[in-house]
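# Understanding the architecture of this molecule
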Amino acid sequence: MKFVVLQVGSYGVNCTLATDGESAWAVDPGAEAERIVEAARSEGVRVAGILLTHAHFDHIGAIPALKQICGDIPVYVHPADTPMFGHPFNMLPPEYPSVPKPSNILPACDFPFAEAIETPGHTPGGVSWYFKDDGVLLSGDTLFAGSVGRTDFPGGSMTRLVDSLSRLVALPPETKVIPGHGPSTTIGREKSSNPYIVA
Ligand SMILES: [Zn+2]
Ligand SMILES: [Zn+2]
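The following paragraphs examine the structure supplied in this document.

Thresholds, definitions, all that
Residues numbered from 1 in each chain as written. Chains lettered and ligands numbered in written order. Predicted model: local features only at pLDDT ≥ 70, side-chain atom pairs only at ≥ 80, totals over all residues. Heavy atoms only, no water. Donors = N, O, S within 2.8 Å, 3.2 Å for Na, K, Ca; no water. Tetrahedral: all angles 85-135°; square planar, octahedral: opposite > 155°, others 65-115°. Helix = DSSP H or I, 4+ residues; strand = E, 2+ residues; numbered from the N terminus. Buried < 20%, exposed > 50% of the residue type's maximum accessible area, 1.4 Å probe, protein only. Pairing = 2+ DSSP bridges. Axes fitted to C-alpha atoms, helices over the stretch in contact; angles between N-to-C directions. Contact = heavy atoms within 4.5 Å. Salt bridge = Lys/Arg side-chain N within 4 Å of Asp/Glu carboxyl O. Arc of directions from axis to C-beta. Polar contact = N/O pair within 3.5 Å; in protein donor to acceptor, adjacent residues only side chain to side chain. Phe/Tyr/Trp six-rings, centres within 6.5 Å; stacked < 30°, edge-to-face > 60°. Disulfide = S-S within 2.5 Å.

## Some details on the coordination of the zinc ion (ligand 1)
- Within the first shell, the zinc ion (ligand 1) binds the protein through His-54 (NE2), His-56 (ND1), His-122 (NE2) and Asp-141 (OD), at distances of 2.1 to 2.4 Å.
- Because the angles between the 4 donor atoms bound to the zinc ion (ligand 1) fall within 89 to 168 degrees, the donor set is best described as irregular.
- Coordination of the zinc ion (ligand 1) draws on donor residues from a single chain, spaced H-x1-H-x65-H-x18-D in sequence.
- A spacing of 3.4 Å is found between the zinc ion (ligand 1) and the zinc ion (ligand 2), which share Asp-141 as a donor. Residue His-54 is found in the loop between β4 (46–51) and α2 (57–60), and its partner Asp-141 is found in the loop between β9 (136–140) and β10 (143–144); the two are separated by 87 residues along the sequence.
- Under the relative-accessibility criterion, His-54 is labelled buried at 2%.
- Classification of Asp-141 by relative accessible area gives buried; the value is 5%.

What follows is the structure in structure tokens.
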């Protein structure tokens, strides 16, 4: 897989296109659907599906527009996060209007090309997408370079987040981490320097 990272929307979400040269999967298409489709096009592929690390508004905003452009492509998300679609607290108009529950939702664990490691804490249905053969982890808002996601939103839990982190640091240290916001890092670097990770 090749991974192309685009920073989208005013929250600077890292929307990652994972492409095998035939199809692309858009991870966390938070905004700027046209730019995401254009980036896939310049890789010579079409967006075949959407993967979500979690369903916060800044990570899902481009889903309706992407579906308009690409057809009724599947959206892989953990079932515990689906109540967030259309939820009155999960929007910030005008840039991020409410996103209704999309059609063609599939459970994250059914995605065939990566493992959805359950990492609740930031949200109840948070997952980190692990592309094992590539040694790449898309950690959403669970693990950032030098930090972790907030747990003071509805459904958040620091206890569960810490538990989730312990599963991520068990991955090989050379694993490249592309977080939901900010710069990339590695599991090894976070293990040795992230103040939230207790070795
Ligand atoms: Zn979030
Ligand atoms: Zn976020």
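Having put the structure on the table, let's press on.
## Points about the sheet that holds strand β3 (residues 23–27)
- The sheet built from 6 strands is open, its strands ordered β1-β2-β3-β4-β5-β6 with mixed pairing. Each of the sheet's edge strands pairs with one partner strand only, and the pair in question is β1 (2–8) and β6 (105–107). The average undirected angle you get between the axes of adjacent strands in this sheet is 30 degrees.
- Pairing analysis gives 5 bridges linking β3 to β4, with the strands arranged parallel. The residue of β4 that forms the bridge with Ala-24 is Val-47.
- Across the face of the sheet, helix α1 (residues 33–42) comes into contact with β1, β2 (13–19), β3 and β4 while running at roughly 155 degrees to β1.

## What to know about the pattern of salt bridges
- Going through the model one piece at a time under the given rule, you end up with 6 salt bridges.
- Among the salt bridges present, the one from Lys-2 reaches Glu-43, with a minimum N-O distance of 2.8 Å. Placement of the pair is Lys-2 in strand β1 and Glu-43 in the loop between α1 and β4, with a sequence separation of 41 residues.
- The salt bridge partner of Glu-32 is Arg-35, with a shortest N-O separation of 2.9 Å.

## Observations concerning helix α4 (residues 158–168)
- Of all the positions in α4, only Leu-161, Ser-164, Leu-165 and Leu-168 are classed as buried. Projected onto a plane normal to the axis of α4, the buried residues spread over an arc of 105 degrees and lie on a single side.
- Between the side-chain oxygen at the start of α4 and the backbone nitrogen of Thr-159 there is a gap of 3.5 Å, and the oxygen is on Ser-157.

## Some points on the environment of Gln-68
- Along the chain, Gln-68 turns up in helix α3 (residues 63–70).
- Considered as a pair, Gln-68 and Ala-33 are 35 residues apart in the sequence and their alpha carbons are 9.7 Å apart.

## Quick look at the packing of aromatic side chains
- Throughout the structure, instances matching the rule amount to 9 aromatic pairs.
- When the centroid spacing of 5.1 Å and the interplanar angle of 75 degrees are considered together, the rings of Phe-3 and Phe-131 count as edge-to-face. Taken together, the residues Phe-3 in strand β1 and Phe-131 in strand β8 (residues 127–131) connect sequence positions 128 residues apart. Like Phe-3, the residue Phe-131 is buried in the burial classification.

## Regarding the state of the cysteines
- Under the definition given, this model contains 0 disulfides.
- No disulfide involves Cys-15; its sulfur sits 11 Å from the nearest other cysteine sulfur, which is in Cys-70.
- What makes Cys-15 buried here is its relative accessible area of 0%.

## A short note on the side chain of Ser-164
- For Ser-164, the location among the structural elements is in helix α4.
- Residues within four places of Ser-164 in sequence aside, it is in contact with Glu-118, Thr-119, Pro-120 and Thr-142.

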